[in-house]
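A look at the structure
One letter stands for each residue in the lines below.
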Amino acid sequence: MPGSEVMTDTTTTDLVPADAASLHGPVIAWFDQHARDLPWRRPEAGAWGVMVSEFMLQQTPVNRVLPVYEQWLARWPRPADLAAEAPGEAVRAWGRLGYPRRALRLHGAAQAITERHGGDVPSDHAQLLALPGIGEYTAAAVASFAYGQRHAVLDTNVRRVFARAATGIQYPPTATTAAERKLARALLPDDESTASRWAAASMELGALVCTARSEECGRCPIADRCAWRLAGKPAHEGPARRGQTYAGTDRQVRGKLLAVLREARGPVPQQSLDAVWHEPVQRARALDGLVADGLVEPLADGLYRLPA
DNA sequence: AAGTCGTGGAC
DNA sequence: TGTCCAAGACT
């Protein structure tokens with residue numbers, strides 16, 4: 001929208017730059033003291049380790065990612081190792097992390113890295129963004145965490161921290177707004193290495209202290225200047241922002257179908273897939289969807305398998 | 001641009 | 001128990 005850049009947002013109490021800078025020190029100092037020792041943060045993880053972790057962490061909790069991440073990197077320590085495998089092996093190794101299309105996209109990204117970038121995860125934001133499964137957030141995260149670059153890294157944790165500390169509201173909007181991106185850029189430290197540190201620190205603060213529910217302001221290094229807390233922590237206004245009932249959806253059927261294929265060694269007969277769901281129309285629709293997504297490969301004689 | 005896409009733990 | 005939530009991407 002032309003003109004939106006210059007519109008003044010009167011509904012928020014965004015910090016002025018001088019206040020913004022005062023956040024960096026306390027948050028980064030807190031991070032130095034309380035950061036979790038996660039495997040993808042260790043130097044030996046490398047850019048590939050960071051990238052794999054970011055794929056797995058999309059909409060999935062850290063604790064569930066940890067074991068799969070370790071197995072994945074032990075088996076495929078470089079992008080070329082994964083690229084040489086059948087995509088179905090990536091889907092199988094993905095296990096029960098959920099959203100298995102991520103496994104397919106990670107495999108595709110590994111192939112693109114092998115073909116276009118000599119087997120090295122690119123450090124350029126635009127080149128990262130061009131890889132399958134990498135959007136604005138993941139491109140910024142890899143560039144920042146793996147290569148120490150200066151990028152606004154706006155994930156759900158950071159958005160919540162900024163919504164509270166800077167804007168004074170309990171929760172950020174459903175979808176990321178231009179105002180949020182602008183705020184994130186304004187809060188980004190000038191120095192590259194400090195900016196990279198800030199990105200990780202503000203994210204960790206949201207993950208450990210400034211959580212969605214039962215936030216712990218007593219442990220927050222910037223509680224004394226948090227706009228939301230200073231306003232008396234007003235409750236979120238408006239309707240509940242979620243409504244994804246899972247039971248009975250196509251997603252549940254897809255999950256059941258894929259679980260059968262994941263646990264089988266070779267091709268599976270149609271009959272085995274039919275057993276997971278009673279309703280034939282929905283079952284067929286789910287299976288068609290999996291085939292269309294490239295997660296399942298139909299063979300002759302009513303056999304199905306993970307993609308070769 | 002609102003819907004779709006898994007899974008399981010916490011309260 | 002049902003609801004909410006978890007380092008989003010894609011169409």
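Per an unreviewed UniProt entry, chain A goes by Adenine DNA glycosylase and derives from Streptomyces clavuligerus. What UniProt records for chain A under Sequence similarities (unreviewed entry) is the sentence "Belongs to the Nth/MutY family." In the Catalytic activity (unreviewed entry) part of its UniProt record, chain A is described as follows: "Hydrolyzes free adenine bases from 7,8-dihydro-8-oxoguanine:adenine mismatched double-stranded DNA, leaving an apurinic site."

Topic: the packing of aromatic side chains
By the definition in use, this model includes four aromatic pairs. Residues Phe-162 and Trp-198 carry aromatic rings whose centres are separated by 6.1 Å and whose planes lie at 15 degrees to one another, so their mutual orientation is stacked. Taken together, the positions of Phe-162 in helix 9 (residues 156-167) and Trp-198 in helix 11 (residues 192-208) put the pair 36 residues apart, joining distant regions of the chain. Pair check on accessibility: Phe-162 and Trp-198 agree, each one buried.

What to know about the protein's contact with DNA strand B
In the vicinity of DNA strand B lie 16 residues, with Arg-64, Arg-96, Pro-100, Arg-251 and Arg-254 positioned nearest. The sugar-phosphate share of atoms of DNA strand B within 4 Å of the protein amounts to 58%. The contact in question runs from a phosphate oxygen of DNA strand B to an N or O atom on the side chain of Arg-96, over 2.4 Å. Side-chain polar atom of Arg-254 to a phosphate oxygen of DNA strand B: 2.2 Å apart, as the coordinates give it. At the level of elements, helix 6 (101-116) and helix 13 (250-263) are the ones that each hand at least two residues to the surface near DNA strand B. Looking at which element gives the most residues to the surface near DNA strand B, the answer is helix 13, with four residues. Tallied by class, residues from the surface near DNA strand B come to four nonpolar, four polar and eight charged.

About the cut-offs
- Residues numbered from 1 in each chain as written.
- Chains lettered and ligands numbered in written order.
- Predicted model: local features only at pLDDT ≥ 70, side-chain atom pairs only at ≥ 80, totals over all residues.
- Heavy atoms only, no water.
- UniProt positions renumbered as here; feature names shortened; annotations may be inferred.
- Phe/Tyr/Trp six-rings, centres within 6.5 Å; stacked < 30°, edge-to-face > 60°.
- Helix = DSSP H or I, 4+ residues; strand = E, 2+ residues; numbered from the N terminus.
- Buried < 20%, exposed > 50% of the residue type's maximum accessible area, 1.4 Å probe, protein only.
- Near = heavy atom within 4 Å.
- Polar contact = N/O pair within 3.5 Å; in protein donor to acceptor, adjacent residues only side chain to side chain.
- Nonpolar A, V, L, I, M, F, W, Y, C, P; charged D, E, K, R; others polar.

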